[in-house]
Amino acid sequence: MMKRVLVSGGAGYIGSHVTVELLQAGYDVVVADNLSNCDLTCFEGVKKITGRNDIPFEKIDCCERDAVDRLFSEFRIDAVIHFAAFKAVGESVAEPLKYYRNNLLSFLNILEAASAHGGCNVLFSSSATVYGETDRLPVTEESPRQPATSPYGNTKQMCEDILRDTVMATAAYGTEVMSGLDKPGPVKGISLRYFNPIGAHPSALIGELPRGVPNNLVPYITQTAIGKRECLSIFGNDYPTQDGTCLRDYIDVVDLAKAHVAAVSRMTDGRMEDGYEIFNIGTGRPVSVLELVNTFEKVNNIKLNYRFAPRRAGDITAIWADPAKAEKKLGWKAQRTVEETLASAWAWEKHLAGK
Ligand code: UD1
């Protein structure tokens with residue numbers, strides 16, 4: 001029987017790319033999304049890319065326990081990938097309760113329903129933000145987490161811990177996940193800690209759709225290039241790095257999506273070595289903000305209007321992944337070059353502009 005994956009937040013940026021890769025790998029997918037931070041553009045793109053018009057779409061808010069329960073009663077679900085969460089760092093500082101309520105409650109509901117219906121495999125969408133500032137680079141999964149610097153980051157840490165504790169507690173229900181049953185079962189879990197996801201699908205039919213002024217670097221670059229923004233501010237050129245700008249590990253969104261397929265199959269095929277596992281998902285290559293900007297200009301043959309501006313509060317100097325564990329255990333490794341990724345980000349921006 002085909003395995004079925006529930007993708008909460010599946011109409012969003014990363015969720016839509018993951019849905020494509022899951023379908024292409026032979027999984028059935030149920031997309032659940034409340035469309036609070038996106039419209040159906042990417043879901044329509046997913047249907048076009050995969051040629052599938054039969055993907056179930058459930059417009060639900062995972063903060064509603066009954067709605068989540070209904071999903072688990074209606075579908076036999078072998079794994080959940082939980083993306084449904086707010087993700088703006090600055091907004092989370094201004095409105096912490098909104099972030100704690102939404103990001104924690106939705107995940108609690110997913111976990112309770114998952115366990116109540118015979119158990120389930122749960123993949124949590126975590127972030128490199130849990131590592132905070134460290135000078136021991138690259139970071140491995142064993143690197144200590146630092147106290148979170150924003151409520152957003154705190155929800156990532158808390159959800160990781162909630163998943164770990166749920167796995168431990170529900171192990172009492174046995175080892176075999178018997179999804180769809182009407183009795184409690186074990187939850188198995190994986191947290192994927194993403195570094196900086198960027199880029200778009202090579203078809204240019206799905207990509208990032210930020211609402212309002214983008215916070216993140218690449219959408220700001222593409223919107224400046226297309227003329228929606230006047231000038232990119234590079235936040236800080238006095239960091240202790242080779243060119244003075246921050247270093248990050250930019251991971252292509254299609255590569256990232258493939259890591260989810262690898263993690264889901266590890267869970268559903270019973271290949272986990274522990275009930276709860278953590279993987280870094282990055283390239284292992286640090287790239288500076290200036291290098292990224294220069295590469296964008298070069299591959300797309302565009303002159304980008306940018307200026308150096310003061311440091312942004314809360315930014316760390318440098319972080320990049322040691323992705324060795326993901327390669328060894330998931331058999332996953334980033335494939336696309338940063339050039340290909342930045343070309344895809346630009347193709348997507350042009351697609352949005354109808355060019
Ligand atoms: C942030 C979050 C991270 C989250 C990620 C994706 C923190 C500390 N960071 O990462 O958790 O997963 O977004 O949403 O919680 N930059 C500019 N000009 C701009 C925008 C950014 O110079 O207009 C620079 C930043 O200073 C930084 C780099 O670009 O050095 C990347 O910034 P951004 O894309 O916002 O990601 P992070 O802050 O690394």
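Residues numbered from 1 in each chain as written. Predicted model: local features only at pLDDT ≥ 70, side-chain atom pairs only at ≥ 80, totals over all residues. Heavy atoms only, no water.

1. Quick word on the sheet that holds strand 3 (residues 57-58)
Rules: At least two DSSP bridges between two strands are required for those strands to pair. Here a strand is any run of E in DSSP of at least two residues, a helix any run of H or I of at least four, and the numbering for each starts at the N terminus. In this analysis, two residues are considered to be in contact whenever any of their non-hydrogen atoms come within 4.5 Å of each other. Here, axes are lines fitted to C-alpha atoms. For helices the fit covers the stretch in contact, and angles between N-to-C directions go from 0 to 180 degrees.
Spatially, the seven strands line up as an open sheet ordered 3-2-1-4-5-6-11, and their pairing is parallel. Each end of this open sheet is capped by a strand with a single partner; those strands are strand 3 and strand 11 (276-281). When strand 2 (residues 28-32) meets strand 3, the two strands line up parallel, connected through two bridges. Residue pairing in the sheet places Ala32 in a bridge with Glu58 of strand 3. In this fold helix 8 (residues 253-268) packs onto strand 1 (4-8), strand 4 (79-82), strand 5 (120-127), strand 6 (187-194) and strand 11, with an angle of close to 160° to the strand it touches most, strand 6.

2. Examining the packing of aromatic side chains
Test applied: Note on aromatic pairs: the rings of Phe, Tyr and Trp (six-membered ring only in Trp) are paired at centre separations within 6.5 Å, and the planes decide the class, stacked below 30 degrees, edge-to-face beyond 60, tilted for the rest. Relative accessible area decides the class of each residue, using a 1.4 Å probe on protein chains only: under 20% of the type maximum gives buried, over 50% gives exposed, and in between gives partly exposed. The criterion is that NZ of a Lys, or CZ of an Arg, lies within 6 Å of the ring centre and within 35 degrees of the ring normal, and then a charge sits over that ring.
By the definition in use, this model includes six aromatic pairs. Ring plane angle 50° and centroid distance 5.0 Å describe the contact between Phe43 and Phe57, whose orientation is recorded as tilted. Of the two residues, Phe43 is situated in helix 2 (residues 41-50) and Phe57 in strand 3; the sequence distance between them amounts to 14 residues. For Phe43, a relative accessible area of 5% puts it in the buried group. Ring centres of Phe296 and Trp346 lie 5.9 Å apart, and the angle between their planes is 80°; on these two criteria the pair is classed as edge-to-face. Remark: Trp346 occurs in helix 11 (residues 338-352) and Phe296 occurs in helix 9 (residues 289-300); sequence separation between them is 50 residues. Each member of the pair Phe296 and Trp346 is classed as buried. When the ring centre of Phe86 is taken as origin, the NZ or CZ atom of Lys98, which lies over that ring, is 5.1 Å away. The aromatic ring of Phe279 is capped on one face by Lys325, whose charged end is 4.8 Å from the ring centroid.

3. Things to note about empty space enclosed by the protein
Condition: Only protein atoms enter the calculation, which uses a 1 Å grid: trapped sets of points that fit a 1.4 Å probe without letting it out are cavities, open sets showing protein on both sides within 12 Å along at least five of seven lines are pockets, and any residue with an atom within 4 Å of a point is a lining residue. Grid points are joined across faces, edges and corners, and a volume is the space filled by probe spheres set on the points. Amino acids are sorted into nonpolar (Ala, Val, Leu, Ile, Met, Phe, Trp, Tyr, Cys and Pro), charged (Asp, Glu, Lys and Arg) and polar (every other residue, Gly among them).
All chains considered together, the criterion is met by four cavities of 30 Å³ or more. Taken as a whole, the largest cavity holds about 90 Å³ of empty space. Around the largest cavity sit Tyr13, Gly199, Ala200, Glu208, Pro210, Val218, Pro219, Thr222, Ala345, Trp348 and Glu349, which together line it. Mapped onto the lining of the largest cavity, the elements with two or more residues apiece are helix 7 (217-226) and helix 11. Tallied by class, residues from the lining of the largest cavity come to seven nonpolar, two polar and two charged. Estimated volume of the second largest cavity: approximately 40 Å³. Around the second largest cavity, the lining residues are His82, Ala84, Ala85, Asn103, Ser106, Phe124, Thr155, Lys156 and Cys159.

4. Focus: the site of the ligand
Rule in force here: For each residue, the test is whether any non-hydrogen atom lies within 4 Å of the molecule or strand; if one does, the residue is near. By the criterion applied in these results, polar contacts are pairs of N or O atoms within 3.5 Å in which, for protein atoms, one can donate a hydrogen and the other can accept it, and in which residues neighboring in sequence qualify only through two side-chain atoms. Computed by Shrake-Rupley with a 1.4 Å probe, the accessible areas treat only the displayed protein chains as cover when residues are assessed. Domain limits in this description derive from either an automatic procedure or a database domain assignment.
Taken together, 19 residues are adjacent to the ligand, and Ser233, Phe235, Arg248, Arg312 and Asp315 come closest. Thr129 places a polar side-chain atom, nitrogen or oxygen, 2.9 Å from an oxygen atom of the ligand. In the complex, 88% of the free accessible area of the ligand, which totals 740 Å², lies under the protein chains. Among the secondary structure elements, those contributing two or more residues to the shell around the ligand are helix 7 and strand 8 (232-235). Of the residues forming the shell around the ligand, the biggest block, four residues, is contributed by strand 8. Mapped onto the domain boundaries, the shell around the ligand takes at least three residues apiece from domain 1 (4-198 + 251-281) and domain 2 (217-249 + 284-352).

5. With respect to helix 9
Put simply, the test is: Given the number of residues in a helix, its expected span is that number minus one, multiplied by 1.5 Å.
A rise of 1.5 Å per residue sets the reference length of helix 9, with its 12 residues, at 16 Å; its end C-alpha atoms lie 17 Å apart and thus fit the reference within 8%. Those residues of helix 9 not exposed but buried are Val289, Leu290, Leu292, Val293, Thr295, Phe296, Glu297 and Asn300.

6. Details of the pattern of salt bridges
Selection criterion: A pair is scored as a salt bridge if a Lys or Arg side-chain nitrogen falls within 4 Å of a carboxyl oxygen belonging to Asp or Glu.
The full count for this structure, using the stated rule, is 21 salt bridges. The closest approach of N and O atoms between Glu91 and Lys98, which form a salt bridge, is 3.3 Å. For Glu91, a relative accessible area of 31% puts it in the partly exposed group. A relative accessible area of 33% places Lys98 in the partly exposed class. Several salt bridges share partner residues, and in doing so they unite Arg145, Glu160, Asp161, Arg164, Asp165 and Arg193 into one network.

7. What to know about the pairing of strand 4
Side-chain alternation along strand 4 places Ala79 and Ile81 on one buried face and Val80 and His82 on a second face that is also buried. As judged from the four bridges shared by strand 1 and strand 4, these two strands associate in the parallel manner. The partner of Val7 across the bridge, within strand 4, is Ile81. Where strand 4 lies against strand 5, four bridges are found, and the strand directions are parallel. Looking across to strand 5, one finds that Val80 is bridged to Val122.

By themselves, these figures tell us nothing about what the structure is for.
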